[in-house]
Amino acid sequence: MPIQAQTPSRSVLSHTDRAELVDRLDGQVRFDEPMSRRTTLRIGGPADALCLPTSIAALRAAVEWCTGQGIAMIAVGSGSNLLVRDGGVRGVVIATRNLRDLEKLDDRRIRVQAGVSTGKLLSAATRWQLGGVEFLGGVPGSVGGGMRMNAGTYLGEFKDVTTQVTTVRMDDGDIVIRPASECGFAYRESAIPRREIVVEAELALHARPRADIEADVRALRLRRLAREPKKVSNAGSIFKNPPGDYAGRLIEECGLKGTRIGGAECSPAHANWLVNTGGASAGDMLALIELVRTRVAQNCAITLELEVKVIGED
Ligand SMILES: Cc1cc2nc3c(=O)[nH]c(=O)nc-3n(C[C@H](O)[C@H](O)[C@H](O)COP(=O)(O)OP(=O)(O)OC[C@H]3O[C@@H](n4cnc5c(N)ncnc54)[C@H](O)[C@@H]3O)c2cc1C
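Summary of the structure given here. Everything numeric here is computed off the predicted structure, so don't read it as measured data. (Residues numbered from 1 in each chain as written. Predicted model: local features only at pLDDT ≥ 70, side-chain atom pairs only at ≥ 80, totals over all residues. Heavy atoms only, no water.)

A few words on the side chain of N150. Relative to the helices and strands, N150 is located in the loop between α4 (143–149) and β9 (152–153). With a relative accessible area of 0%, N150 lands in the buried category. A distance of 2.9 Å separates a polar side-chain atom of N150 from the backbone nitrogen of K159. (Helix = DSSP H or I, 4+ residues; strand = E, 2+ residues; numbered from the N terminus. Buried < 20%, exposed > 50% of the residue type's maximum accessible area, 1.4 Å probe, protein only. Polar contact = N/O pair within 3.5 Å; in protein donor to acceptor, adjacent residues only side chain to side chain.)

Here it is as structure tokens:
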């Protein structure tokens, strides 16, 4: 990986920092990486460094280095629920997507690393005739992000199948193993501490014929296909559904479908999907988010909460 002689003025990483990071991570690091390349919304300024460790040991080495240098870090998965601001991310982004081990421990338990995609997990479970993760049909992302978000659909969520989660603490690089009962899984969130990086999880599934699993997944995918906007960059639902209602219904009721700010649009196909029609900045998207929240608050007396996670600086 070539190291630039001159570092961009906004970066907090010196030339020496960069060389040390390359060394610690055996080259699995990119500098000044546009986060627009790493998010499904295709929006976001550069991260000073994007680390892509392929083992838990390498990830811990990066964490220990950042802690020692006092450099800020943040964990990301596949970027399917992320809005990165236009100024990018100062410090180090640790992406867990290259932690890809997946194994069947016994007749119902699976150990899965954070970088395994939800699609890979679902196909392995289907192959092993283990039911329980059918809810992942058509849900993008990785297991790490899925754990943090407690990703799910009407068929279930990670909370239903997770027995324990292993993390690496940003403060000292130590490993923490937590039973699911201590992860605080709730609707599209968890209480896994923000200063911990999910590296692995154990799931308990149940024996189920492959044909039954496939039938449920097919039905879920078809339902999604009929409702979801196509061929635009997006992060799925931008807002959480408020209790007893749907964010999409409320936004539609306010007449906002099709509303645009710059390249950001409230999708005509699904009002809770604020999409990037091409060339949207984070500023466009954040302005549209604010407009939608204000209108829904005024017209429906409901404050919509963001599901998508916003990181970085303006
Ligand atoms: C087309 C589309 C459809 C979608 N449909 C659904 C749906 O039906 N249901 C649903 O729940 N979601 C849905 N989503 C949102 C998204 O798929 C989920 O939130 C997914 O779990 C995010 O995983 P990720 O790996 O992409 O996480 P990222 O987007 O990378 O990160 C999400 C959050 O998790 C944190 N994080 C990521 N990895 C780690 C880690 N290893 N350790 C600690 N923190 C971490 C990040 O800091 C961030 O706060 C959809 C998104 C898209 C684009």
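In the vicinity of the ligand, 33 residues are found, and the nearest of them are A75, G77, S80, S142 and G152. Between the ligand and A75, the relevant distance is 2.6 Å, taken from an oxygen atom to a main-chain nitrogen or oxygen of the residue. Take G146: an N or O atom from its main chain is 3.4 Å from an oxygen atom of the ligand. Here the ligand, which alone exposes 970 Å², has 92% of that area covered by the protein. Contributions of two or more residues to the shell around the ligand are made by β3 (73–76), α4, β9 and β13 (196–204). Among the elements that take part in the shell around the ligand, α4 stands out by supplying five residues, more than any other. When its residues are assigned to classes, the shell around the ligand shows eleven nonpolar, 16 polar and six charged. (Near = heavy atom within 4 Å. Areas by Shrake-Rupley, 256 points an atom, 1.4 Å probe, with all protein chains shown as cover. Nonpolar A, V, L, I, M, F, W, Y, C, P; charged D, E, K, R; others polar.)

Let us look at the sheet that holds strand β15 (residues 260–261). Pairing is antiparallel across the open sheet formed by three strands, whose spatial order is β15-β16-β17. In the strand order of this sheet, the two ends are held by β15 and β17 (274–276), each with one partner. In this sheet, β17 lies alongside strand β16 (residues 264–266) in antiparallel orientation, the contact comprising three bridges. Looking across to β17, one finds that E265 is bridged to V275. Packed onto the sheet, helix α7 (residues 282–300) meets β15, β16 and β17 and runs at close to 165° relative to β17. (Pairing = 2+ DSSP bridges. Contact = heavy atoms within 4.5 Å. Axes fitted to C-alpha atoms, helices over the stretch in contact; angles between N-to-C directions.)

Let us look at the packing of aromatic side chains. One pass over the structure, following the stated rule, counts one aromatic pair. Arranged with centres 5.5 Å apart and planes meeting at 85°, the rings of F135 and F158 form a pair that is edge-to-face. Separated by 23 residues along the polypeptide, F135 in the loop between β8 (130–131) and α4 and F158 in the loop between β10 (156–157) and β11 (162–169) bring together distant segments of the chain. One exposure class covers both F135 and F158, and it is buried. Over the face of the ring belonging to Y154 we find R223, whose NZ or CZ atom lies 4.2 Å from the ring centre. (Phe/Tyr/Trp six-rings, centres within 6.5 Å; stacked < 30°, edge-to-face > 60°. Lys NZ or Arg CZ within 6 Å of the ring centre and 35° of its normal.)

The next point concerns the state of the cysteines. Summed over all chains, the structure comprises zero disulfides. The thiol sulfur of C266 is not disulfide-bonded, and the nearest other cysteine sulfur, from C254, lies at 9.7 Å. (Disulfide = S-S within 2.5 Å.)

In the structure shown here, the tally under the stated rule is 27 salt bridges. Residues E313 and R90 are paired through a salt bridge, measuring 2.8 Å at the closest nitrogen-oxygen approach. Of this pair, E313 sits in the segment after β18 (309–311) while R90 sits in strand β5 (residues 89–95), and the two are 223 residues apart along the sequence. Between E200 and R111 there is a salt bridge; the shortest N-O distance is 2.8 Å. On the criterion of sequence distance, the pair formed by E200 in strand β13 and R111 in strand β7 (residues 109–113) is long-range, its members being 89 residues apart. A cluster of three or more residues bridged by salt bridges with shared partners is formed by R10, D48, R90 and E313. (Salt bridge = Lys/Arg side-chain N within 4 Å of Asp/Glu carboxyl O.)

All we've got here are geometric facts, nothing functional implied.
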